[in-house]
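# Chains, contacts and geometry: an overview
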Amino acid sequence: MIHIKSAREIERIRQSAALASQTLDYAQSVTKPGLSTKELDLLIKRFIMDHGAKSATYGYKGFPGYACVSINEEVVHAIPGKRLIKTGDIVKVDVTTDLNGYFGDTCRTFMMEPVSEKARRLVEVTKTSLELAIQTVRNGSRIGDIGAAIQTYVEKNGFSVVRDFVGHGVGVAFHEDPNIPHYGKAGTGLRLKTGMVITIEPMINIGDWRIKVLADGWTAVTQDGSLSAQFEHTILVTATGAEILTKY
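These numbers were taken from a predicted model, which means no experiment stands behind them.

Turning to its location among the elements, Asp41 is positioned in helix 2 (residues 37-50). No salt bridge is formed by the buried Asp41, whose closest oppositely charged neighbour, Lys38, lies at an N-O distance of 4.2 Å. Setting aside residues no more than four positions away along its own chain, Asp41 makes contact with Gly65, Tyr66, Ala67 and Pro80.

Written as structure tokens, this is what we have:
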């Protein structure tokens, strides 16, 4: 069931989403070579708690981290642990805040400079693909428009779109209907309506789009070991376009 948010709910979601974005601002300021992903996770935990919220990630279906911190070939959902962040890495940090029962979900890819030109290009294309997808969002547009915008741009630039994970409704729950694929055909799929809140979160690989999940049951990596990048925003559908609730 798709939940059209009321004005009151939108304002509460907006507050949580703003905190999620602020959390990534903070995470970016402290992410550096030599830091373990677990150490970064605990810093994120403290920041969220200090702002009166909870991490929606922690304990979700048993997930043991307060954020997902995925490096290089790790596509998404990497469990924070002993892995050290190194110069040249690209680091995806994905956080979801629960502020008084309302949720904001966002992800960015940080570059540990200097990075390779291939890695830099991947990060730039991934970020631009999200921006192009957001431009398609308005009352009456279709979910397929989002995926088509991402897939067309990404494949034109020689990269691939992960199929196994999708965006989703969000706001009064961590995950809501509908699913938002990052590939597809324009003019197809469910029509978006004013008051819907969704995430768009393309995961883009340098090599093949296929992934595998490691033995921990969470960490998804590229099958071919190639680099993967991700950006994500929480988006409010409006009558004339889209409002980015997790804007930088």
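Okay, back to it.
This next bit is on helix 3 (residues 117-135). For helix 3, built from 19 residues, the straight-helix expectation of 27 Å at 1.5 Å per residue is met to within 8% by its first-to-last C-alpha distance of 27 Å. Looking at helix 3, one finds that the buried residues are Ala119, Leu122, Val123, Val125, Thr126, Ser129, Leu130, Ala133 and Ile134.

This next bit is on the pattern of salt bridges. A side chain of one charge can pair with a side chain of the opposite charge when the charged atoms of the two come close. Using the criterion set out here, one finds 13 salt bridges in the structure. Between Glu11 and Arg14 there is a salt bridge; the shortest N-O distance is 2.8 Å. Within this pair, Glu11 and its partner Arg14 are both found in helix 1 (residues 7-30), separated by 3 residues, close to a single helical turn. When its relative accessible area of 35% is taken as the criterion, Glu11 is described as partly exposed. Taking the relative accessible area as the measure of exposure, Arg14 reaches 26% and is therefore partly exposed. The salt bridge involving Arg210 is made with Asp208; its shortest N-O contact spans 2.9 Å. Arg210 gets classed as partly exposed once you look at its relative accessible area, which sits at 38%. Residue classification places Asp208 among the partly exposed positions, given a relative accessible area of 32%. Members of the salt-bridge network, linked through shared partners, are Glu11, Arg14 and Glu243.

Our next topic: empty space enclosed by the protein. Applying the stated criterion to the full structure yields 1 cavity of 30 Å³ or more. Its boundaries defined by the atoms lining it, the largest cavity holds a volume of some 30 Å³. Lining the largest cavity are Ile2, His3, Lys5, Gly169, Val170, Glu176, Asp177, Pro178, Met196, Val197 and Ile198. Residue assignment for the lining of the largest cavity shows that the elements contributing at least two residues are strand 8 (176-180) and strand 9 (197-200).

So, about the environment of Met49. With respect to the helices and strands, the residue Met49 is situated in helix 2. Relative accessible area serves as the criterion here: at 44%, Met49 is assigned to the partly exposed category. Sequence-wise, Met49 and Gly81 are 32 residues apart; in three dimensions their C-alpha atoms are separated by 20 Å.

This next bit is on a nonpolar patch on the surface. A cluster of nonpolar residues, Ile2, Ile4 and Leu190, forms a patch on the protein surface that exposes about 220 Å² of accessible area. In this fold, Ile4 is placed in the segment before helix 1.

A few words on unusual backbone geometry. The omega angle of the peptide bond from Glu113 to Pro114 is -5°, so this bond is cis rather than trans. By secondary structure assignment, the location of Pro114 is in the loop between strand 5 (102-111) and helix 3. The omega angle of the peptide bond from Asp177 to Pro178 is 0°, so this bond is cis rather than trans. Of note, Pro178 is situated in strand 8. A positive phi angle is found at Lys61, which is not glycine, with a value near 55°. In this fold, Lys61 is placed in the loop between strand 1 (54-55) and strand 2 (68-71). Positive phi outside glycine occurs at Asn100, with the angle close to 55°.

To continue, consider the environment of Asp208. Within the element layout of this structure, Asp208 appears in the loop between strand 10 (203-205) and strand 11 (211-213). In this structure, the C-alpha to C-alpha distance between Asp208 and Met196, residues 12 residues apart in sequence, is 32 Å. For Asp208, the residues in contact, after removing those within four places along its chain, are Ser160, Asp224 and Ser226. Here the side chain of Asp208 touches Arg210 through a polar contact of 2.8 Å, landing on its backbone nitrogen.

Thresholds applied
- The residue numbering used here restarts from 1 in each chain and proceeds along that chain's sequence as written.
- In keeping with the model being predicted, local features are shown solely for residues with a pLDDT of at least 70 and side-chain atom pairs are shown and tallied solely at 80 or more, while totals for entire chains, interfaces and linings include all residues.
- Only heavy atoms go into the side-chain values, all of them from the structure, while hydrogens and water stay out.
- Runs of E in the DSSP output that reach at least two residues are strands. Runs of H or I that reach at least four are helices, and both are numbered from the N terminus.
- Only protein chains enter the calculation, and the probe is 1.4 Å; a residue is then buried if its accessible area is under 20% of its type maximum, exposed if over 50%, and partly exposed in between.
- Here the positive residues are Lys and Arg and the negative ones are Asp and Glu; neither His nor the chain ends is included.
- By convention in these notes, a salt bridge is any Lys or Arg side-chain nitrogen within 4 Å of a carboxyl oxygen on Asp or Glu.
- It only takes one pair of heavy atoms within 4.5 Å for two residues to be counted as in contact.
- Each residue after the first adds 1.5 Å to the expected span of a helix.
- Only protein atoms enter the 1 Å grid, on which a cavity is a set of points fitting a 1.4 Å probe that cannot get out and a pocket is an open set with protein on both sides within 12 Å along at least 5 of 7 lines, lining residues being those with an atom within 4 Å of a point.
- Grid points are joined across faces, edges and corners, and a volume is the space filled by probe spheres set on the points.
- Patches here are clusters of residues that have more than 30% relative accessible area and form no salt bridge, with a 9 Å joining cutoff for like charges and a 5 Å cutoff for nonpolar side chains (Val, Leu, Ile, Met, Phe, Trp, Tyr).
- Using the Shrake-Rupley algorithm and a 1.4 Å probe, accessible areas are obtained, with residue cover drawn only from the displayed protein chains.
- Here a polar contact is taken to be a pair of N or O atoms separated by no more than 3.5 Å, where protein atoms must pair a possible hydrogen donor with a possible acceptor and residues adjacent in sequence count only if both atoms sit in side chains.

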